[in-house]
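Understanding the architecture of this molecule
Here's the letter readout for the chains.
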Amino acid sequence: MKLYACSHCKQLLYFENDTCLHCGHKVGFEASGLAMITLVAETEPERHDSNDPKRKYRFCENARHGTCNWLISPDHPSPFCQACELNRTIPTLSGPENLARWKRIEIAKHRMVYSLLRLHLPVRAKEEPEEKPEEEGIAFDFIADLSPTERVMTGHDHGVITLNIEEADEAERVRNKLDLGEKYRTLLGHFRHEIGHYYWDLLIAGKPAIDKFRKLFGDEQKDYAQSLKDYYKTGAPADWADHFISPYAASHPWEDWAETWSHYMHLMDALETSYSFGIVVSPREQAMRTKPSKDPYLIKQFAEIIDVWLPLTFAVNSLNRSMGHSDFYPFVISPVVMDKLGFIHEVCQAAAPANG
């Protein structure tokens with residue numbers, strides 16, 4: 001994530017801020033320029049850029065719920081921003097609990113969409129998700145369980161991503177994390193995993209990259225349902241860490257791709273944040289010496305990214321241990337996994353010129 005500041009008073013801002021807490025100006029995120037804009041009000045709901053009165057904006061419709069701070073132009077055909085246009089179903093807002101859950105969901109989703117835009121990948125809403133599910137595009141359904149016996153399963157189907165809103169409940173998510181033995185279960189991780197399935201359909205299926213995919217990840221044509229059944233019955237192989245980023249990645253090549261894709265997005269976003277803050281990790285050992293002098297999204301060779309990533313995570317893990325917390329980054333990247341991550345980087349780099 002880039003480091004943003006109020007253009008009026010230079011106060012640093014979080015990506016989710018809609019108001020500068022120092023000077024009181026409204027602020028909002030403008031997706032086409034990936035910029036945080038400081039605003040001056042005119043006739044509501046229209047506002048203009050404090051640095052350029054000719055540049056006018058209004059907030060996304062979901063700003064009224066406190067779930068979005070993205071801006072759109074006054075003549076934008078939809079009341080929703082690029083991220084919120086992807087929503088097909090939102091939780092029932094009859095009580096404060098669901099609103100709080102939805103807000104946490106949107107924070108994670110907006111960060112995920114930001115990363116997709118930084119990668120110059122196509123991000124557009126699915127126009128007819130029910131009538132033509134095979135059509136390209138993304139749609140989100142955020143749904144609660146209908147009853148204790150009618151559970152909503154988080155998953156992906158032809159660009160439609162369903163998320164059980166209980167994942168926005170911290171206690172429930174930690175319980176699921178422990179039950180499933182997952183080291184890193186977050187809302188943002190869910191979004192990055194599920195969107196990985198969509199971009200497999202878009203960038204790999206039926207494309208020249210499929211041959212290299214199968215060489216690295218395996219043949220996705222093997223029975224998916226049976227593979228998952230076998231995984232939940234026997235678990236991952238004992239040597240899974242030599243070949244996969246997580247135990248679940250061992251279940252099927254599609255899940256291996258989604259887990260590795262999610263990890264790639266984690267890695268790139270964290271490195272961009274480190275770069276934006278000018279964080280330098282320079283231990284005495286020459287092998288650990290690094291300086292994040294480049295925006296990771298502009299680095300062509302994945303090996304250069306890894307050379308920065310590994311020392312950074314070692315340093316942050318050490319900080320966490322100093323505070324008595326578990327590791328921030330509880331993963332070991334094997335050479336096989338590094339090749340998979342490098343392939344994803346290649347695929348994104350190849351897609352960027354045509355869609356950027």
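Residues numbered from 1 in each chain as written. Predicted model: local features only at pLDDT ≥ 70, side-chain atom pairs only at ≥ 80, totals over all residues. Heavy atoms only, no water.

**Remarks on the overall build of the protein chain**
Our working rule: Secondary structure counts use DSSP, requiring at least four H or I residues in a row for a helix and at least two E residues in a row for a strand, with both numbered from the N terminus. Buried means the residue's accessible area, taken with a 1.4 Å probe over protein chains only, is under 20% of the maximum for its type, while exposed means over 50%, and partly exposed covers the values in between. Using the Shrake-Rupley algorithm and a 1.4 Å probe, accessible areas are obtained, with residue cover drawn only from the displayed protein chains.
Across its full length, the protein chain carries eight helices and 11 strands. Relative to its full complement of 356 residues, the protein chain shows a buried share of 45%. Summed over all atoms, the accessible surface of the protein chain reaches about 18200 Å², with 54% contributed by carbon and sulfur.

**Quick word on helix 1 (residues 96–118)**
Here is the rule we go by: Here the expected span of a helix is defined as 1.5 Å times the quantity of residues minus one.
Given a rise of 1.5 Å per residue, 23 residues ought to cover 33 Å, and the 33 Å separating the end C-alpha atoms of helix 1 matches this to within 8%. Two residues or fewer after helix 1 comes His120, characterised by a positive phi angle close to 60°.

**Structural notes on the sheet that holds strand 3 (residues 26–30)**
Pairing between the strands of a sheet is mediated by backbone hydrogen bonds and can be parallel or antiparallel. Rules: Strands pair, by our definition, only if DSSP identifies at least two bridges between them.
With respect to topology, five strands assemble into an open sheet ordered 3-4-5-6-7, the strand pairing being antiparallel. Each edge of the open sheet is held by one strand with a lone partner, namely strand 3 and strand 7 (71–72). Two elements, strand 6 (residues 52–59) and strand 7, share two bridges in a ladder whose sense is antiparallel. For Arg58, the partnering residue across the bridge sits in strand 7 and is Ile72.

**Notes on the environment of Ala31**
The line we're drawing: It only takes one pair of heavy atoms within 4.5 Å for two residues to be counted as in contact.
Structurally, Ala31 can be placed in the loop between strand 3 and strand 4 (35–41). Since its relative accessible area comes to 12%, Ala31 is described here as buried. Excluding its chain neighbours within four sequence positions, the residues that come into contact with Ala31 are Trp70, Gln82 and Leu117.

**Concerning the side chain of Glu255**
Here is the rule we go by: We define a polar contact as two N or O atoms separated by no more than 3.5 Å, with the added condition that, inside protein, one atom must be a possible hydrogen donor and the other a possible acceptor, whereas residues neighbouring each other in sequence contribute only through side-chain atom pairs.
With respect to the helices and strands, the residue Glu255 is situated in helix 6 (residues 253–277). Separated by 2.9 Å, the side chains of Glu255 and His193 make a polar contact. Every residue in contact with Glu255, bar those within four places of it in the chain, is listed here: His193, His197, Tyr224, Leu228, Tyr248 and Ala249.

**Topic: the confidence of the model for the protein chain**
Defined as follows: The quantity known as pLDDT measures the predictor's confidence residue by residue, on a range of 0 to 100.
Looking at the protein chain, the pLDDT average stands at 89 and 89% of residues meet or exceed 70. The lowest-confidence element of the protein chain is helix 2 (residues 170–180), averaging 58 in pLDDT; the highest-confidence one is helix 4 (residues 210–217), averaging 98.

**As for the environment of Pro330**
With respect to the helices, strands and loops of the structure, Pro330 is situated in the loop between helix 7 (302–322) and helix 8 (335–355). Given the relative accessible area of 22%, Pro330 is considered partly exposed.

**Re the side chain of Thr38**
Within the fold, Thr38 resides in strand 4. Judged by relative accessible area, which is 0%, Thr38 ranks as buried. A polar side-chain atom of Thr38 sits 2.9 Å from the main-chain amide nitrogen of Ser7. Contact partners of Thr38, with chain neighbours within four places excluded, come to Cys6, Ser7, His8, His25, Lys26, Val27, His48, Asp49 and Ser50.

**Describing the packing of aromatic side chains**
Under the convention used in this document: Aromatic rings from Phe, Tyr and Trp, taking only the six-membered ring of Trp, are treated as a pair when their centres fall within 6.5 Å; an angle between ring planes under 30 degrees marks them as stacked, one over 60 as edge-to-face, and anything in between as tilted.
Within the structure shown, the criterion is met by 26 aromatic pairs. On the basis of an interplanar angle of 75° and a centroid distance of 6.1 Å, the ring pair of Tyr4 and Phe29 is categorised as edge-to-face. Within this pair, whereas Tyr4 is found in strand 1 (residues 4–5), its partner Phe29 is found in strand 3, the two being separated by 25 residues in sequence. Assessed through its relative accessible area of 7%, Tyr4 is described here as buried. On the basis of relative accessibility, which here comes to 0%, the residue Phe29 falls in the buried class. Between the aromatic rings of Trp200 and Phe213, the centroid separation amounts to 5.6 Å while the plane-to-plane angle is 65°, which identifies the pairing as edge-to-face. Of this pair, Trp200 sits in helix 3 (residues 187–203) while Phe213 sits in helix 4, and the two are 13 residues apart along the sequence. Look at Trp200 and you get buried, because its relative accessible area is 6%.

**Concerning the sheet that holds strand 11 (residues 160–164)**
The criterion, for reference: Fitted lines through C-alpha atoms give the axes, limited to the stretch in contact for helices. The angle between two N-to-C directions lies from 0 to 180 degrees.
Taken in spatial order, the four strands make up an open sheet running 8-9-11-10, and their pairing is mixed. On the outer flanks of this sheet lie strand 8 (87–89) and strand 10 (155–157), each paired with one strand and no other. Within the sheet, the average angular offset between the axes of one strand and its neighbour, ignoring direction, is 25°. In terms of strand pairing, strand 8 meets strand 9 (residues 139–143) through two bridges, oriented parallel. Counterpart to Asn87 in the pairing with strand 9 is Phe140.

**Some remarks on the pairing of strand 11**
Most of strand 11 sits inside the fold, with five of its five residues counted as buried. Where burial is concerned, the two faces of strand 11 agree: the one with Val160, Thr162 and Asn164 and the one with Ile161 and Leu163 are both buried. Pairing geometry for strand 9 and strand 11, over five bridges, is parallel. By the bridge assignment for strand 11, Phe142 is matched with Leu163. Here strand 10 pairs with strand 11 via three bridges, running antiparallel. Looking at the pairing, Asp157 lines up with Val160 of strand 11. Hairpin connection from strand 10 to strand 11: two residues lie between these consecutive antiparallel strands, with His158 at a positive phi of about 50°.

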